[in-house]
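Overview (structure and organization)
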Amino acid sequence: MRYEISKEPINIQSVIDKVVEREAGAITTFIGTVRELTDGKKTLYLIYEAYETMAVKKLAQIGKEIEERWPKAKVAITHRIGRLDITDVAVVIAVSTPHRADAYEANRYAIERIKEIVPIWKKEHWEDGEAWVGNQLETVAYPSGKPEEGDLHE
Amino acid sequence: MNKILFFAHLRDAADREELQIKAVGKTVAELKTELMKNYDLPQLETVMTAINEEFVPDDEIIHDGDVIAFIPSVSGG
């Protein structure tokens, strides 16, 4: 399985190993980690939650989009859920391509798409409270019922 | 019957993860209106909806057995 939601810490090397190809000249790896400070506010820990079965499908969709856009690209993505402490690894994306420019571009595309279409949510816990991150007032309308490219958060 | 799934702040507001109701023949928009009337939920009009794990527009018609999930703004990564 190249697309996974994991309740356990992510083994980074195992994600990379999934995209090793004889034709590849580059593998880029993105490692998303839990940041302590956001807009000056100190996070103690995060809880990630997913609609797991749909999240795996949407990760696979992103992989497919990449493989259509960057021929011969190979993608693997694992996103962790549950409680994560500061510096923990939340997501690992590995992309291999024949040439390095494509590997960088495609990897960037993957993380931006995750932030648009994959049903995963994080709750920030601070010393004085907690809140789900995102536009909770749901003031962004999606006329097509789903986010378009360009509806980027963060 | 239809299973309705809530996540993140919607689950907190609804105080439940899921709900079984009969929504056959309704559009997603009609279901949202009905849920907002009967449960203590924040406004759902612009919340994304998935039926059977695929995003759908508000005019999509619900069939028997469909699983409907309301997807608040995602914040993974």
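Counting restarts for each chain, with residues numbered from 1 along the sequence as it is written. Chains carry letters and ligands carry numbers; both start at the beginning, A for chains and 1 for ligands, and go up in the order they are written. With pLDDT at 70 or above as the cut-off, local features in this predicted model cover only qualifying residues; side-chain atom pairs require 80 or more to be listed or tallied, and sums for whole chains, interfaces and linings still use all residues. Computation of side-chain values: all heavy atoms of the structure, hydrogens and water removed.

A few points about the interface of chain A and chain B
As a reminder of what qualifies: Every residue pair with non-hydrogen atoms within 4.5 Å of one another is taken to be in contact. Summed over both partners, buried area is the accessible surface (1.4 Å probe) that two parts give up on being assembled. What makes a salt bridge here is a side-chain nitrogen of Lys or Arg within 4 Å of a carboxyl oxygen of Asp or Glu, nothing more. Polar contacts here mean pairs of N or O atoms no more than 3.5 Å apart (in protein, one a potential hydrogen donor and the other a potential acceptor; neighbouring residues in sequence count only if both atoms are side-chain atoms). Starting at the N terminus, helices and strands are each numbered in turn, a helix being any DSSP run of H or I of at least four residues and a strand any DSSP run of E of at least two. Here the term charged refers only to Asp, Glu, Lys and Arg, the term nonpolar to Ala, Val, Leu, Ile, Met, Phe, Trp, Tyr, Cys and Pro, and the term polar to all other amino acids, Gly among them.
On the side of chain B, 27 residues touch chain A, which itself brings 38 residues to the contact. Taking both partners together, chain A and chain B bury about 2700 Å²; carbon and sulfur atoms supply 55% of that area. At the junction of chain A with chain B, the criterion picks out four salt bridges. The partner of Asp12 of chain B in a salt bridge is Lys123 of chain A, with the nearest N and O atoms 3.4 Å apart. Remark: the boundary between chain A and chain B carries 16 residue pairs in polar contact (both at pLDDT 80 or more). Broken down by secondary-structure element, the contributors of at least two residues to the side of chain A that touches chain B are β4 (41-50), α2 (52-69), β7 (89-97), α3 (100-117) and β8 (120-126) of chain A. Its residues assigned to classes, the side of chain A that touches chain B comprises 20 nonpolar, nine polar and nine charged.

Observations regarding the pattern of salt bridges
Enumeration according to the criterion identifies 21 salt bridges over all chains in this entry. Through salt bridges with shared partners, a single ionic network connects Glu49, Lys123 and Glu130 of chain A together with Arg11 and Asp12 of chain B.

Points about the side chain of Asp66 of chain B
Operational definition: Accessibility here uses a 1.4 Å probe with only protein chains present; expressed as a share of the type maximum, an area under 20% marks a residue as buried, one over 50% as exposed, and anything in between as partly exposed. Counting rule for charge: Lys and Arg are taken as positive, Asp and Glu as negative, and neither His nor the chain ends is counted.
Here Asp66 of chain B is to be found in the loop between β4 (54-56) and β5 (67-71). This buried residue, Asp66 of chain B, is left without a salt bridge; Lys57 of chain A holds the nearest opposite charge, at 11 Å. Apart from residues no more than four positions distant in its own chain, Asp66 of chain B is found in contact with Asn2, Lys3, Ile51, Asn52 and Ile61 of chain B.

Some words on the pairing of β7 of chain A
All names here are of chain A. Threshold: Strands qualify as paired when DSSP identifies two bridges or more between them.
The element β7 is largely enclosed, with a buried count of nine among its nine residues. With eight bridges joining them, strand β2 (residues 26-33) and β7 adopt antiparallel strand pairing. Bridging across to β7, Ala26 finds its partner in Thr97.

Points about the pairing of strand β3 (residues 48-51) of chain B
Residues and elements named next belong to chain B. Of the two faces of β3, both are covered, the one formed by Met48 and Ala50 as well as the one formed by Thr49 and Ile51. In the sheet, β3 pairs with β5 via four bridges, with the strands oriented antiparallel. Within β5, the position partnered with Ile51 by the bridge is Ile68. Two elements, β3 and β4, share three bridges in a ladder whose sense is antiparallel. Paired with Ile51 across the strands is Glu54, a residue of β4.

Some remarks on the environment of Phe6 of chain B
Residues and elements named next belong to chain B. The residue Phe6 is located in the loop between β1 (2-5) and α1 (8-14) in this model. A residue is classified by how much of its surface remains accessible, and Phe6, at 2% relative accessible area, is buried. As for Phe6 and Asp40, which are separated by 34 residues in sequence, their C-alpha atoms are 13 Å apart. Contact partners of Phe6, with chain neighbours within four places excluded, come to Arg11, Ala14, Arg16, Glu17, Leu19, Leu41 and Phe70.

Here's the deal with the packing of α2 of chain A against α3 of chain A
Residues and elements named next belong to chain A. Our working definition: A fitted line through C-alpha atoms serves as each axis, taken over the contacting stretch for helices, and the angle formed by two N-to-C directions is quoted from 0 to 180°. A clockwise turn of the near helix away from the far one marks a right-handed crossing, whereas an anticlockwise turn of less than a right angle marks a left-handed crossing.
At their nearest, the axes of α2 and α3 sit 10 Å apart, and the two run at 145° to each other. When the axes of α2 and α3 are compared, the crossing they make is right-handed. In this structure, α2 uses Lys58, Leu59, Gln61, Ile62, Glu65, Ile66 and Arg69 to contact α3, whose residues at the interface are Ala106, Tyr109, Ala110, Arg113, Ile114 and Ile117. For the contact of α2 with α3, a count of residues per class yields eight nonpolar, one polar and four charged.

A word on the sheet that holds strand β2 (residues 18-21) of chain B
Residues and elements named next belong to chain B. In spatial order, the strands read β2-β1-β5-β3-β4; together these five strands make up an open sheet with mixed pairing. Strands at the two margins of the open sheet, each flanked by one partner only, are β2 and β4. With strand direction ignored, the average angle separating the axes of adjacent strands in the sheet is 30°. Pairing analysis gives four bridges linking β1 to β2, with the strands arranged antiparallel. If you follow Ile4 over to β2, its bridge partner there is Leu19.

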